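Spelled out from the first residue to the last, the chains are:
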Amino acid sequence: MVGKEEELTKEKYTPEFIFFLNGKKVELRDVQPETTLLQYLRQTSVGLTGTKLGCGEGGCGACTVMISQVEPDGLIHHRAINACLAPLCSVAGVSVTTIEGLGSTLTGLHPVQSRIASSHGSQCGFCTPGIVMALYAFLRENPKATPMQIEEAFDGNLCRCTGYRPILDAARTFACSDENEAHTHEFEGLSLTEKKSAEKTEKSAGGCGDCENNPDCCMNKTKREGTHCSSPVKYQPLDLKLEPIFPPFLLKQKPQSLCFRGDRVVWYRPLTLDGLYELRKVYPGAKLVVGNTEVGIEVKFRNIIYPVLISPLQVPELNTIKTTEHGIDIGSAVTLTRVKSFIEEQVATLPAHQTQTCKAILTQLKLFAGNQIRNAGCLGGNIATASPISDLNPVWVAVGVVLTVGSADGGIRKIPIEKFFLKYRVVDLNPSEVILSIHVPYTRPNEFVEAFKQSRRRDDDISIVCACFRLLVKDEVHPKKGHVLRVEDFGVGYGGMAVKAVSTPKTIEFLKGKIFDNEILEETYKYLAEDLPLPPGAPGGMIEYRRSLTTSFFFKFFLRVMQQKYPSNGTDLLHEVPPTQKSAASVFHRGVSRGEQHYKVANEDVAPVHQPIMHQSAEKQVTGEALYLDDIPNPQNGLFAAFVMSSKAHAKVLSVDPSKALEARGVVAFFGPKDIPGDNQIGPIFHDEELFASHVVPCMGYPLGIIVANTQQNALEASRLVDVKYEDLPTILTIDQAIEQNSYIPSFHHIIARGDLEEGFKGSDHVIEGEMRVGGQEHFYLETNQSFIVPGEGREVTVYASTQNPTKTQYVVAKILGIPANHVVVKVKRMGGGFGGKETRSIYVTSAAAVAAYHLRRPVRLVLDRDVDMVTSGYRHPFLGRYKVGFTKEGKVMALDLHLYADAGYSFDLSGGVMDRALFHSENAYNIPHIRVSGKLCKTNLPTNTAFRGFGGPQGMIICENWIEKIAFQLGVESDRIRELNFYKEGDFTHYRQQLVDCRLQRLWGEVKETSQFVERRDKIKKFNEENQWRKRGIAMIPTKFGMSFTIKAMNQAGALVHVYTDGTVLVTHGGTEMGQGLHTKVIQIAARALGVPVTSVHIAETATDKVANTTPTAASVQSDMNGMAVLNACEQIMEKLKPIREKHPNVSFKELVNIAYFERVNLSANGFYATPDVGYAFQDSGVGIGRPFNYFNYGAAVAEVELDALTGDHQILRVDILMDVGDSLNPAIDIGQVEGAFTQGIGWCLIEELVFFPNGYLFTRGPSTYKIPGFGDVPLDFRVNLLGDAPNSRAIHSSKGVGEPPLFLSASVFFAIRNAVRQARLSQGLPDSWFDFFSPATCERIRMSCEDRFTAQFKTPVTEKK
């Protein structure tokens, strides 16, 4: 390769470059081309750790930074990009701004930072810097953005905690007015927006913005007495004139030809087309890289090394976009964002008939990836990649674009796009050729172009099927039909239906010359089916769904054309689209979201408790100063580890040979089961797992050992070189297979029984039977499982872990290492989310790293990549419920016989507790006199499933609500009547014999039913459904009753340590961990009130096992209850000690008081403790258990309204009303955030998130590209959350209630609203009104295929063929 450089004569390349970082000049030389910008920023010598690694594939936005540069139009542009994908080499001549470049808690927060913090838009905070930077960059580039544009700017960011609403509220305060979307009020020198509506004024976490001047404001309207929206926030104004200017040095600097030679890769950046041609000639087949959005993923996840990379970013011919007489010529290196902006200008200025293709391109670009990817990725790269599911390639095929390619020897070639795609990811491009430009033709009069896409999630998701249709017609007068459209030309492109983007030649041939009306539809569908075959087992699955989309899309296109050519004015009834079918032609256009939050106003005399105080780490999180585990600087002798994982789902391990790995660069050691100094057999309850598999691997991804190296990348690459020999064993991958083969976790079969089932069924007028299946769910915390182990003197070990369970971690590490627990200290500063996923599974990561640190006597860091975390850490348990229910003719439930089966995975873990809670919640909110529920744990060869927010409760409750719906269907009544008839009442006993005290279920049900106008809206929905055949709406109302406490008695305890210092400040340590739920904030409020000091005087540094011992895991939503009481106990001890001194000195300040106490030798520290009284439950074989499982109950109810497209399964949530009983909230802002976050996570569980395993046990959905959690665009358009007032809880601290888990199940209201809409879609097709099974999650595929019609029937596979 060195010799080849002598052949490069066109340009002189230099190995050094300059860029600016947060306003400071940086000069680099001889950088490694494989180094990403994120890796550079986070390395110890740079130390900008505010930019986070969330996924490594540009799918979560945690790594977002802003780049500013002069683009080919001569203007300075500011773009948000993914630092995890951007090569460090690519920022030459660019100004980079990270979160640290905006503001800090020391110098002052930037307005973007302060508004997100004060709007309660940060919980765990791991995603927050990326969200701040995405908004900041967008505002810098678009200072006059509308509310809608701002909301859309977040499509490349994810948050798992907040539910997005408070972030959107904060972001919209920067919007300029738009006459169609908002009008503007001036408030505190800032433009704030308020949605135009005939309803109430928009309300948000910061008030509606004009709280002092607007009589209709949320703060001035009369609500329920004593309640209000969140307090108005006085924001710091944003003045872009005060923002840092683009470095003048970079304006003067001329670009240079660059070459960087790394250990394995060479990077070139030529400045001329001749230079590019020369490089392609010398290095034929070298990869061209613009945004690195494809190559970066291949390198990281497929372990592909490209020896030569060429960046054409400075080649003018590839970076221009211009118009010609016949169309638009787009340079191949032009970014998608620049393409979008240019085409928008074309649409705004050219005649409409010329820009039909432009509009179709914009349709697809709006849904193409996320904002950060569009800012970096280029058009030519997307075409050259030839992805069969590209959103844009079908457009190019349909409209007939022409590519211009060139090379040094071959000159220029023009290639029609239909001849360019040869086969799967193979194109007609010679090794030395370069795509120069793409010519997109203008459309002609009477030419129509429309594009369509269906994906699992609307924003930032790859398509399942996408299509584009182009139709040229001629107006004619037919003797019988009158004015008709004659097809002159027709073009089609489909993605997701073959190994490349394809056309439909038979369909095109059939349509040419035909009259374009209803009579050609059926024949067209037949030809489309012939053109687009999809055999069973085709890659991507969903065969029937994908094929039905091909014809559904064409039908939509047909309706759109007919609507444009035949306006509905009654002049041509033969061709006009009937009113009931018009909605089929439209797509969902999401408007600006809105929200309301209401809670009880607390009296000032109880402050700071019950006040909406900002999260105690919020300002650190929005500035990037909040430290997470991987932000801890790596010591000079620090090492990195990576798992060696099984590639088999179930197999004997014959041999493990690490020799090749040990020879790889930077590798220090390999450790396997024989290297464990203590006990390899572990588990949180039963020791039925091995840390490293010694003889048998029970699932794919199971750790066989770890590789330790000098860098994380070296460790990862070496881990793939370990040679493992297996002998396959039979696999069990589903609940049904486990039941069939009697594969259960041994010694577990719990039962709860009450009454006499036989008598109950005898007393019933009706008996129904059925089943309900509930899918699993990935936790998808933004910070993956990770640990950092530092050996101390002798056998001492300090563990820094991202765990919800420090004490269990301490004991397991001690067991693994064979040392006493008092030699292991576990510390947790904060977590970037947990949701139960770090209650036990995090311990295995820590233990593995501890083995390496123990042997090497050096610090070892083990940070799981997103795909490794998803493969190894377990999920929410999938469930199967089989029920038999007896009820009276009025709907009163008399008897329930329910059998629950949960997929436990390969081991016990916490599955027993999960099943127990499912059994406890299997009746949800209904009093059933005769009941028997039983649970079994299926043992499969999948990752062991574990705790997840709700802990089995949601699965039990959704199965319950399914049979409630079936009862209502059987009796022909509305389901809310059945629910109301069977509700628990005050004093009733549950099926596990616990009496309900302060049962507010009926009260809050009645309130939310009234305030949501449920009955009136249901009537309006009926009218809407009658008027729309292909769009359907549904509404549902769902309650929840959630038991609060650990059901194991010993776990209901907590400890705390409180120190008061002589300057009057307080240091609190307790046993709970902070993962975004606001636990530390609430504890600070409790301590501040108890000691009579401001919250600013109270600090919590971390959770540590050497401060508070024998802690319970932070779980079950009762940590504020328990740890708060322990802290209160400690504070009361201190105040009791100070009482005699206060009596002597009644007027001194607290600082003076504790100084006096110090000199009187009073101990200003206290160890607090709390044990929840009267809890603990023991199952008995008889089904009649002993004890009281719960301390109290949390109640809630929600109403959800949805609209779905029956032709595609696409849907949106129009409105959600939630009323939650949280007692007297300790912090209403935090509790509302927990309600919204849990509900949104539940939307993912019910609708979007689907775990897909291949038949060999391989997890397909292992990152944000394939596994979709709800995004900003998935939250309800109208999101209203109320906290029930005047509802004190006598069994918890300050009359409050826990809140983290109970609201999640209320998302089932969306699921059942969709079910109701599907039912209406079926009825509109003339199907009999019979019960149909509808399982969770309600994905777009499941929705569409349940809305049976002629399109689904065409491709329905016979049952025998499916088997």
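Residues numbered from 1 in each chain as written. Predicted model: local features only at pLDDT ≥ 70, side-chain atom pairs only at ≥ 80, totals over all residues. Heavy atoms only, no water.

Chemist: Sorry, what's going on with the packing of aromatic side chains here?
Modeler: The geometry of two aromatic rings is summed up by the distance between their centres and the angle between their planes. As enumerated under the stated definition, the model contains 50 aromatic pairs in all. With centroids separated by 5.2 Å and ring planes inclined at 85°, the aromatic side chains of F126 and Y628 adopt a geometry described as edge-to-face. Taken as a pair, F126 in the loop between helix 3 (111-118) and helix 4 (128-141) and Y628 in the loop between helix 20 (618-622) and strand 24 (639-645) lie far apart in primary sequence, 502 residues in all. There is no split in this pair, since F126 and Y628 are both buried. Taking the centre distance of 6.4 Å and the plane angle of 15° together, the rings of F780 and Y1267 count as stacked. Note that F780 is positioned in the loop between strand 33 (766-774) and strand 34 (786-791) and Y1267 in the loop between helix 36 (1228-1248) and strand 51 (1278-1283), a separation of 487 residues in sequence. No difference in accessibility class separates F780 from Y1267, as the two residues are buried. (Phe/Tyr/Trp six-rings, centres within 6.5 Å; stacked < 30°, edge-to-face > 60°. Helix = DSSP H or I, 4+ residues; strand = E, 2+ residues; numbered from the N terminus. Buried < 20%, exposed > 50% of the residue type's maximum accessible area, 1.4 Å probe, protein only.)

Chemist: Help me understand the sheet that holds strand 10 (residues 266-269) in this model?
Modeler: What links the strands of a sheet is backbone hydrogen bonding, and the strands pair in either a parallel or an antiparallel sense. A sheet is described by the order of its strands in space; here four strands give the open sequence 9-10-12-11, paired in mixed fashion. Strands at the two margins of the open sheet, each flanked by one partner only, are strand 9 (258-261) and strand 11 (287-288). Two strands pair when backbone bridges link them, and strand 11 and strand 12 (residues 308-310) are joined in this way by two bridges, in the parallel orientation. When the sheet's bridge partners are listed, K287 is paired in strand 12 with L309. Here helix 8 (residues 273-282) sits on the sheet in contact with strand 10, strand 11 and strand 12, set at roughly 160° to strand 12. (Pairing = 2+ DSSP bridges. Contact = heavy atoms within 4.5 Å. Axes fitted to C-alpha atoms, helices over the stretch in contact; angles between N-to-C directions.)

Chemist: Would you mind showing me how to read a nonpolar patch on the surface here?
Modeler: Taken together, the side chains of V70, I76 and L251 present a nonpolar region at the surface, about 240 Å² in accessible area. Counting through the fold element by element, I76 comes out in strand 4 (residues 76-82). With relative accessibility at 34%, the residue I76 sits in the partly exposed group. (Patch = residues over 30% accessible without salt bridge, like charges linked within 9 Å, V, L, I, M, F, W, Y side chains within 5 Å. Areas by Shrake-Rupley, 256 points an atom, 1.4 Å probe, with all protein chains shown as cover. Salt bridge = Lys/Arg side-chain N within 4 Å of Asp/Glu carboxyl O.)

Chemist: What should I look at first to understand the packing of helix 33 (residues 1079-1091) against helix 34 (residues 1119-1144) in this one?
Modeler: What describes two packed helices is the angle between their axes and the distance between those same axes. At a minimum axis distance of 9 Å, the contact between helix 33 and helix 34 shows a crossing angle of 25°. Judged by the inter-axis angle, helix 33 sits roughly parallel to helix 34. The interaxial crossing formed by helix 33 with helix 34 has right-handed handedness. Contact residues: helix 33 offers L1079, K1082, V1083, I1086, A1087, A1090 and L1091, while helix 34 offers Q1119, S1120, G1124, V1127, L1128, C1131, I1134 and M1135. (Parallel < 35°, antiparallel > 145°, perpendicular 65-115°, else oblique. Left-handed = near helix turned anticlockwise from the far one by under 90°.)

Chemist: Just checking my understanding: could you explain the side chain of E433 for this structure?
Modeler: The residue E433 is located in the loop between strand 18 (426-427) and strand 19 (434-441) in this model. E433 gets classed as buried once you look at its relative accessible area, which sits at 2%. Polar side-chain contacts of E433 include one of 2.8 Å to the side chain of R413. Apart from the residues within four sequence positions on either side, E433 is in contact with R280, V405, G406, S407, R413 and D428. (Polar contact = N/O pair within 3.5 Å; in protein donor to acceptor, adjacent residues only side chain to side chain.)

Chemist: Help me out: how do you make sense of the side chain of D460 in this one?
Modeler: Mapping D460 onto the fold places it in the loop between strand 20 (447-455) and strand 21 (463-478). Here D460 is buried and forms no salt bridge, its nearest opposite-charge partner R457 lying at an N-O distance of 4.1 Å. At 3.4 Å, the side chain of D460 and the backbone nitrogen of G370 are in polar contact. Residues in contact with D460, not counting those within four places in the same chain, are G59, D155, G156, L367, A369, G370 and K1268. (Lys, Arg positive; Asp, Glu negative; His and termini not counted.)

Chemist: Mind showing me how you'd approach helix 18 (residues 543-565) here?
Modeler: In a regular helix each residue adds 1.5 Å, so 23 residues correspond to 33 Å; helix 18 covers 34 Å between its end C-alpha atoms and thus fits that length. For helix 18, a buried count of 21 out of 23 residues is recorded, marking the element as mostly surrounded by other parts of the structure. (Expected span 1.5 Å × (residues − 1).)

Chemist: What's the story with the nonpolar core in this structure? I'm lost.
Modeler: One recurring pattern in soluble globular proteins: nonpolar side chains tend to sit buried together. F516 and I958 are the most contacted members of the largest nonpolar core, which totals 193 residues. The next biggest cluster of nonpolar side chains, apart from the first, holds 75 residues, and it includes L48, C84, C89 and V91. (Core = buried A, V, L, I, M, F, W, Y, C linked by side-chain atoms within 4.5 Å.)

Chemist: I would appreciate a short explanation of helix 3 in the present structure.
Modeler: Side chains that are three or four residues apart share a direction in an α-helix, a result of its 3.6 residues per turn. Within helix 3, eight of the eight residues are buried, which leaves the element mostly enclosed by the surrounding structure. Backbone geometry just after helix 3 places H120 at a positive phi near 65°.

Chemist: Explain the environment of H77 here, please?
Modeler: Here H77 shows up in strand 4. Residue classification places H77 among the buried positions, given a relative accessible area of 11%. Counting along the chain gives 169 residues from H77 to F246, while the straight-line C-alpha distance between them is 9.6 Å. Setting aside chain neighbours within four positions, we find H77 in contact with I67, S68, Q69, E71 and E141. For H77, the side chain forms a polar contact with the side chain of E141, separated by 2.6 Å.

Chemist: What exactly am I supposed to notice about the packing of helix 3 against helix 4 here?
Modeler: Here helix 3 crosses helix 4 at 130°, and the two axes come no closer than 10 Å. What the angle tells us is that helix 3 and helix 4 run oblique. Pair helix 3 / helix 4 crosses with right-handed handedness. Residues V112, Q113 and I116 of helix 3 lie in contact with helix 4, whose contacting residues are T128, I131, V132, L135, Y136 and L139.

Chemist: Looking at this model, I keep getting lost on the sheet that holds strand 22 (residues 482-495). Mind explaining?
Modeler: With respect to topology, three strands assemble into an open sheet ordered 20-21-22, the strand pairing being antiparallel. Looking at which strands have only one partner, the edges of the open sheet turn out to be strand 20 and strand 22. Between one strand axis and the next, the sheet turns by 20° as a mean value, whatever way the strands run. Pairing of strand 21 with strand 22 involves 13 bridges; the strand directions are antiparallel. If you follow V477 over to strand 22, its bridge partner there is H483. With respect to the sheet, helix 18 is in contact with strand 20, strand 21 and strand 22, its orientation differing from that of strand 20 by roughly 145°.

Chemist: What's the story with the pattern of salt bridges in this structure? I'm lost.
Modeler: It is possible for side chains of opposite charge to pair when their charged atoms get near one another. Applying the stated criterion across every chain, the model contains 82 salt bridges. Among the ionic pairs, R1003 bridges to E1007, the shortest N-O distance being 3.2 Å. In this pair, R1003 and E1007 both sit in helix 31 (residues 1001-1011), four residues apart, roughly one turn of the helix.

Chemist: Teacher, can you tell me more about the environment of V1299 here?
Modeler: Topologically, V1299 is positioned in the loop between strand 51 and helix 37 (1308-1324). A residue is classified by how much of its surface remains accessible, and V1299, at 4% relative accessible area, is buried. With 74 residues separating them in the primary sequence, V1299 and S1225 have C-alpha atoms 9.2 Å apart. If we ignore the near neighbours within four places in the chain, the residues touching V1299 are M1044, K1082, S1117, N1194, V1222, D1231, Q1234 and V1235.

Chemist: Would you take a moment to explain the pairing of strand 41 (residues 1031-1044) for this structure?
Modeler: Each regular strand carries side chains that alternate between the two faces of the sheet. The buried fraction of strand 41 amounts to 13 of the 14 residues, a majority that puts the element mostly inside the structure. Sheet topology places strand 41 next to strand 49 (residues 1192-1205); 14 bridges connect them, and they run antiparallel. Bridging across to strand 49, I1035 finds its partner in E1201.

Chemist: Help me out: how do you make sense of unusual backbone geometry in this one?
Modeler: The amide bond that connects A607 to the next residue, P608, takes the cis arrangement and shows omega of 5°. Mapped onto the elements of the fold, P608 is located in the loop between strand 23 (594-600) and helix 20. Of the consecutive residues S1336 and P1337, the connecting peptide bond is found in the cis state with omega at 5°. If you trace the backbone, P1337 turns up in the loop between helix 37 and helix 38 (1340-1346). In this structure, D998 is a non-glycine residue whose phi angle is positive, near 60°. In this fold, D998 is placed in the loop between helix 30 (975-982) and helix 31. For H1294, which is not a glycine, the phi torsion comes out positive at approximately 50°.

Chemist: Just checking my understanding: could you explain the confidence of the model for the protein for this structure?
Modeler: Low-confidence regions, as indicated by low pLDDT, have predicted coordinates that should not be scrutinised in detail. Averaged over the protein, the pLDDT score is 93; the fraction of residues at 70 or greater is 95%. Counting interchain partners and residues more than four positions distant, the pLDDT-below-50 stretch residues 179-232 has 144 contacts. (pLDDT = per-residue confidence, 0-100.)

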